[in-house]
Amino acid sequence: MTRAATFALVAGPLALSGYGVARTIGRLDDVYGPGFDWQLAHLLGLAGFLLFVPLVLGLRTLVPAGTVREVAVGATLLGLAASVVQFGADIVLAVMAADKEELRSLQQDFAGLPGVRPAIYDIGPLFFFVGIVVVAALAARAGRLPWWSPVVLLVAVLLPPVNLDLMPLAGLLMLVALLPLWQPIRQVSAAG
């Protein structure tokens, strides 16, 4: 795995946890919407999803070649692309909005464009969450991750749909699930 994947292994999950923490703090005053707290949370979320790209590509190298690997990695990257567009749109729309009400209206306008709601909000991001668990399961099957890593990762990806306030915990669980890769990454990076 590359140095980018090594960095992303820790930074990606922590950025997603940071998104959850910033979102939770921003919502304490019931004014969460366009403004510093919204932008900070969404920038952290965007960074987290972007950081997962080199991580997923690095994981790909640890899994035996085959159709299942390529479909799982492709689905994961597709889900990451949808999430990046979603967070990027939320950041841009928040810059354009004067207040929470206008932000909501702009978001509805964007989501109302043909195909946007299913591709960017409802279905597309799910490919990341399902795909990353499958890729982790393939890595565990290949002996690159312990058996429990995909299980912990599954719990992590199931938490946000239950309640988005659980995102800080979800990011930390992602880190715990993927951290066993740190040793092989360090060895490969040191040799390279």
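A brief structural summary. (Residues numbered from 1 in each chain as written. Predicted model: local features only at pLDDT ≥ 70, side-chain atom pairs only at ≥ 80, totals over all residues. Heavy atoms only, no water.)

Side note on helix α6 (residues 124–141)
Because an α-helix completes one turn every 3.6 residues, residues spaced three or four positions apart along the sequence face the same direction.
Item 1. Here α6 contains 18 residues, and its C-alpha end-to-end distance of 26 Å stays within 8% of the 26 Å for a straight helix at 1.5 Å per residue.
Item 2. Listed as buried for α6 are Gly124, Pro125, Phe128, Phe129, Gly131, Ile132, Val133, Val135, Ala136, Leu138, Ala139 and Ala140.
Item 3. Buried residues belonging to α6 abut α2 (36–60), α3 (67–96), α5 (116–122), α7 (148–162) and α8 (167–178).
Item 4. The positive-phi residue at the C-terminal boundary of α6 is Gly143, with phi of around 80°. (Helix = DSSP H or I, 4+ residues; strand = E, 2+ residues; numbered from the N terminus. Expected span 1.5 Å × (residues − 1). Buried < 20%, exposed > 50% of the residue type's maximum accessible area, 1.4 Å probe, protein only. Contact = heavy atoms within 4.5 Å.)

Observations regarding the nonpolar core
A general trend in soluble globular proteins is that nonpolar side chains are found buried together.
Item 1. Core analysis: the biggest nonpolar cluster contains 51 residues, and Phe52, Phe128, Ile132, Leu153, Met174 and Leu178 have the highest contact counts within it.
Item 2. Taken together, the elements giving at least two residues each to this core come down to α1 (3–26), α2, α3, α4 (100–111), α6, α7 and α8.
Item 3. In this structure Met174 touches Pro13, Leu16, Phe52, Phe128, Phe129, Leu153, Ala156 and Val157, once residues within four positions along its chain are discounted. (Core = buried A, V, L, I, M, F, W, Y, C linked by side-chain atoms within 4.5 Å.)

Quick look at unusual backbone geometry
Item 1. A positive phi is found at Asp30, a non-glycine position, where the angle reads about 60°.
Item 2. Counting through the fold element by element, Asp30 comes out in the loop between α1 and α2.

Observations concerning the packing of α3 against α6
Item 1. The contact between α3 and α6 brings their axes to 7 Å, and the two run at 145°. Read as a crossing pair, α3 and α6 show a hand that is left-handed. Facing Val68, Arg69, Ala72, Val73, Ala75, Thr76, Leu78, Gly79, Leu80, Ala82, Ser83 and Gln86 of α3, the residues of α6 in contact are Gly124, Pro125, Phe127, Phe128, Gly131, Ile132, Val134, Val135 and Leu138.
Item 2. Of the residues assigned to the contact of α3 with α6, the class counts are 14 nonpolar, six polar and one charged. (Axes fitted to C-alpha atoms, helices over the stretch in contact; angles between N-to-C directions. Left-handed = near helix turned anticlockwise from the far one by under 90°. Nonpolar A, V, L, I, M, F, W, Y, C, P; charged D, E, K, R; others polar.)

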